[in-house]
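Understanding the architecture of this molecule
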Amino acid sequence: MGTFHTGKSELHGITVVVDTAGPEVYVGRCDDMDDERVILLDADVHRDGEGGRSKGDYLAAAARHGVWCRHRRLVLPRHRVTSVRRLGEL
Amino acid sequence: MPYSPLLVKPMREELTQIGVEELLTAEDVERWMEKKEGTALLVVNSVCGCAAGMARPGIRLALENGSGPDRTASVFAGQDLEATARARGFFPEIPPSSPSIAFFKDGELVYFLPRHRIEGRSAEDVARDLTAVFDEHRAVAAAG
């Protein structure tokens, strides 16, 4: 038994990796997404090379245990997004 | 803001009915964690059906296999706030997520299943992961 959500994208409630053409990669719980934007809740952002870690290094750590919430809600313009993947599938 | 107790009640009962002890306060968590020896499974329960809807039946299936941990307990995220915060204090290096499942051996965290490893999977998948952990640590104990 759980709660139900209507009118949201199929990734609603799923923890996703949102990659961009730039240095940023985002991880958070997808609230909704459409042609205009991706909305993440309880999200983190990593910039390639930040703290000496590449995007790949960061995602490997995120895939293991998840990420710390640094943003309660992020709205990402869809034109900046190159891919949206489930973190659980990395 | 905590959910309505009426909404949460059946989600609590899904675990308590299979013998999972419910820890409602920080003191309950302290008392439960004081005992170190053996194996212990601690569930961070939650409302959202996106993952918890598979976590609870997965836990039930794993425990029904009869080879589970010595002790099982749960806290309810978003509901029993102090108990949940105290429980997460026993694995402070791991980002909070719910539902999630922690497995301790002799008081040491040896396995953690975060929310994103439950999302989108079946109860059988979750049960398979947990059963593998139970078996691994029973085998280690037997070899020791």
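Residues numbered from 1 in each chain as written. Chains lettered and ligands numbered in written order. Predicted model: local features only at pLDDT ≥ 70, side-chain atom pairs only at ≥ 80, totals over all residues.

Looking only at helices and strands, one finds five helices and five strands in chain B. Written out in order from the N terminus, the α and β elements of chain B read α-β-α-β-α-β-α-β-β-α. Scaling as 2.2 N^0.38, a compact globule of 144 residues should have a C-alpha radius of gyration of about 15 Å, and chain B matches this with 14 Å. Each principal axis of the C-alpha distribution contributes one length, and for chain B these read about 45 × 30 × 30 Å. Scored against the burial criterion, the 144 residues of chain B give a buried share of 44%. In chain B, the proportion of contacts linking residues at least 24 apart, taken out of those at least 6 apart, comes to 76%. (Helix = DSSP H or I, 4+ residues; strand = E, 2+ residues; numbered from the N terminus. Rg over C-alpha atoms; globule rule 2.2 N^0.38 Å. Buried ≥ 20, exposed ≤ 12 C-beta atoms within 10 Å, placed from the backbone. Contact = placed C-beta atoms within 7 Å.)

Right, let's talk about the sheet that holds strand β5 (residues 81-86) of chain A for a bit. Residue and element names in this part refer to chain A. Here five strands make up an open sheet; going across it, the order is β4-β3-β2-β1-β5 and the pairing antiparallel. Either end of the sheet is taken by a strand with one partner, and the two such strands are β4 (71-77) and β5. Direction aside, neighbouring strands of the sheet carry axes that sit 40° apart on average. Looking at chain direction, strand β1 (residues 15-20) and β5 are connected through five bridges and run antiparallel. Looking at the pairing, valine 18 lines up with valine 84 of β5. Against the sheet, helix α1 (residues 55-65) contacts β1, β2 (24-33) and β3 (37-47), and its axis sits at roughly 50° relative to β2. (Pairing = 2+ DSSP bridges. Axes fitted to C-alpha atoms, helices over the stretch in contact; angles between N-to-C directions.)

What follows covers the interface of chain B and chain A. Residue-level contacts link 19 residues of chain B with 14 residues of chain A. Those elements that place two or more of their residues in the side of chain B that touches chain A are α1 (5-16) and α3 (52-64) of chain B. Per element, the largest residue contribution to the side of chain B that touches chain A is three residues, and it comes from α1(B). Partitioning the side of chain B that touches chain A into residue classes produces 10 nonpolar, five polar and four charged. (Nonpolar A, V, L, I, M, F, W, Y, C, P; charged D, E, K, R; others polar.)

Here the focus is helix α4 (residues 81-88) of chain B. Every buried residue belonging to α4(B) is among B:Ala83, B:Thr84, B:Arg86, B:Ala87 and B:Arg88, and all of these are buried. On its buried face, α4(B) sits against α2 (26-34), β2 (39-45) and β3 (71-76) of chain B.

Right, let's get into the nonpolar core. Counting 37 residues, the largest nonpolar core has B:Leu42, B:Val43, B:Ala55, B:Ile59, B:Val75 and B:Leu130 as its most contacted members. Counting only elements with at least two residues in this core, the list comes to α1, β2, α3, β3, α4, β4 (100-105), β5 (108-113) and α5 (123-143) of chain B. With six residues, the single largest contributor to this core is α3(B). Membership of the second largest hydrophobic core comes to 20 residues, among which are A:Ile14, A:Val38, A:Leu40 and A:Ala62. (Core = buried A, V, L, I, M, F, W, Y, C linked by C-beta atoms within 7 Å.)

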